[in-house]
Amino acid sequence: MKKSILAIFWLTIIQVSFAQNSIQDSVSSKRSTLNNFKYTPLIIPTACIAYGIIGLNSSELKKINLDIQSNVIKNNPAKITIDDYLQYAPALSVYGLNSLGIQGKHNFKDRTVILGTSMLFVFTSVSALKKTTKIERPDGSASNSFPSGHTALAFAGAEFMYQEYKEVSIWYGISAYAVATTTGTFRIYNNKHWFSDVVTGAGFGILSTKAAYWLAPYFNKHFFPSMTGKCTAFLIPTLDGGILGGAFVWSF
């Protein structure tokens, strides 16, 4: 029963998020501007973040965390660390598709600026909360459980994929969100995060990428006006378990 509730919750996040995005996209131009900012697409990520923050002091939500974790431990034969790699897959896939000739919304320079901005938002928000809240992980390995950095990175990449390829096919975005959901699920399965950690991480990831797209025109105008799209590399930073890491992408 608990697994069904968890699955329904994730599907609801994905379905409603896409529905809200579709409303916004139908009236938006190809490039985002500061003047066409919409509040409705922020409902889902904001709700996810609010759930986690409320859960820090809510006995009812803490009980949900414990019930889910108890069920996971009882039915968990072995850890599967695929989430350490899946977290990067959605963002990297955007560059992979482009290298195969499947063009997204932006050129290399513009999308790299957007992704870099999103990763900066993810890194700073997640790191700050981990250090501030000091929530112990379910397995007791550290006191930096809230929120899930893996999940935040994965959902930031999923939203990045969706935004870049929604005009080509919505299935690219759906696939990316499926990978991000799998990443979050495995963080719980591997006893590294509470349910509320993962929900909050998803919210911060989605919100970070949305903010990056909203601010992209401003950054391109004031900070990157001389760039011509000839950049060939970028770094995706991540922080989890107190360890700073990242993924390097080289396009040639």
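Residues numbered from 1 in each chain as written. Predicted model: local features only at pLDDT ≥ 70, side-chain atom pairs only at ≥ 80, totals over all residues. Heavy atoms only, no water.

**Some words on the overall build of the protein chain**
Of the regular secondary structure elements, the protein chain holds 9 helices and 2 strands. Out of the 252 residues in the protein chain, the part that is buried amounts to 48%. By sequence separation, contacts in the protein chain at least 24 residues apart represent 77% of the contacts at least 6 residues apart. Of the roughly 12,100 Å² of accessible surface on the protein chain, a fraction of 65% belongs to carbon and sulfur atoms. (Helix = DSSP H or I, 4+ residues; strand = E, 2+ residues; numbered from the N terminus. Buried < 20%, exposed > 50% of the residue type's maximum accessible area, 1.4 Å probe, protein only. Contact = heavy atoms within 4.5 Å. Areas by Shrake-Rupley, 256 points an atom, 1.4 Å probe, with all protein chains shown as cover.)

**Section: helix α3 (residues 59–74)**
For α3, which comprises 16 residues, the first-to-last C-alpha distance of 22 Å matches the rise-based estimate of 22 Å (1.5 Å per residue) to within 8%. Along α3, the residues classified as buried are Leu61, Asn65, Ile68, Gln69 and Val72. Projected down its long axis, α3 carries its buried residues within an arc of 95°, all on one side. Seen from the open side of α3, the exposed residues pointing more than 90 degrees away from its buried face are Ser59, Glu60, Lys63, Leu66 and Lys74. (Expected span 1.5 Å × (residues − 1). Arc of directions from axis to C-beta.)

**With respect to the packing of helix α2 (residues 43–55) against α3**
It is at 8 Å that the axes of α2 and α3 come closest, and there the two elements cross at 100°. In terms of axis orientation, α2 runs roughly perpendicular to α3. Residue-level inspection shows Tyr51, Ile54 and Gly55 of α2 in contact with α3, the latter providing Leu61, Lys62 and Ile64. The residue inventory of the contact of α2 with α3, partitioned by class, reads 4 nonpolar, 1 polar and 1 charged. (Axes fitted to C-alpha atoms, helices over the stretch in contact; angles between N-to-C directions. Parallel < 35°, antiparallel > 145°, perpendicular 65-115°, else oblique. Nonpolar A, V, L, I, M, F, W, Y, C, P; charged D, E, K, R; others polar.)

**Topic: the pattern of salt bridges**
In this structure the tally under the stated criterion is 6 salt bridges. Residue Asp67 is joined to Lys63 by a salt bridge in which the shortest nitrogen-to-oxygen separation is 2.9 Å. Residue Asp67 and its partner Lys63 are located together in helix α3, separated by 4 residues, close to a single helical turn. On the basis of relative accessible area, Asp67 is assigned to the partly exposed category, the value being 28%. Of the charged contacts in the structure, one is a salt bridge between Asp110 and Lys109, with a shortest N-O distance of 2.8 Å. Look at the salt bridges and you will find they share partners, linking Asp83, Asp84 and Arg187 into a network. (Salt bridge = Lys/Arg side-chain N within 4 Å of Asp/Glu carboxyl O.)

**A look at the confidence of the model for the protein chain**
Averaged over the protein chain, the pLDDT score is 82; the fraction of residues at 70 or greater is 73%. In this model, residues 25–35 is a region of pLDDT below 50 whose contacts with residues beyond four sequence positions or in other chains number 19 contacts. Here residues 226–233 is modelled with pLDDT under 50, and outside its nearest four sequence neighbours on either side it reaches 12 contacts, counting other chains as well. (pLDDT = per-residue confidence, 0-100.)

**Considerations on the packing of aromatic side chains**
What the rule picks out here adds up to 6 aromatic pairs. Taking 5.4 Å as the distance between ring centres and 75° as the angle between the ring planes, the aromatic pair formed by Tyr95 and Phe108 counts as edge-to-face. Remark: Phe108 occurs in helix α6 (residues 108–133) and Tyr95 occurs in helix α5 (residues 89–99); sequence separation between them is 13 residues. The exposure classification of Tyr95 matches that of Phe108, with both residues buried. Here the aromatic rings of Phe155 and Tyr177 are separated by 5.8 Å at their centres, their planes lie at 75°, and the arrangement is edge-to-face. With Phe155 in helix α7 (residues 149–165) and Tyr177 in helix α8 (residues 170–189), the pair connects residues that are 22 residues apart, well separated along the chain. Here Phe155 and Tyr177 have matching classes, each one buried. One aromatic cluster is present, built from ring pairs that chain together Tyr95, Phe108 and Phe160. (Phe/Tyr/Trp six-rings, centres within 6.5 Å; stacked < 30°, edge-to-face > 60°.)

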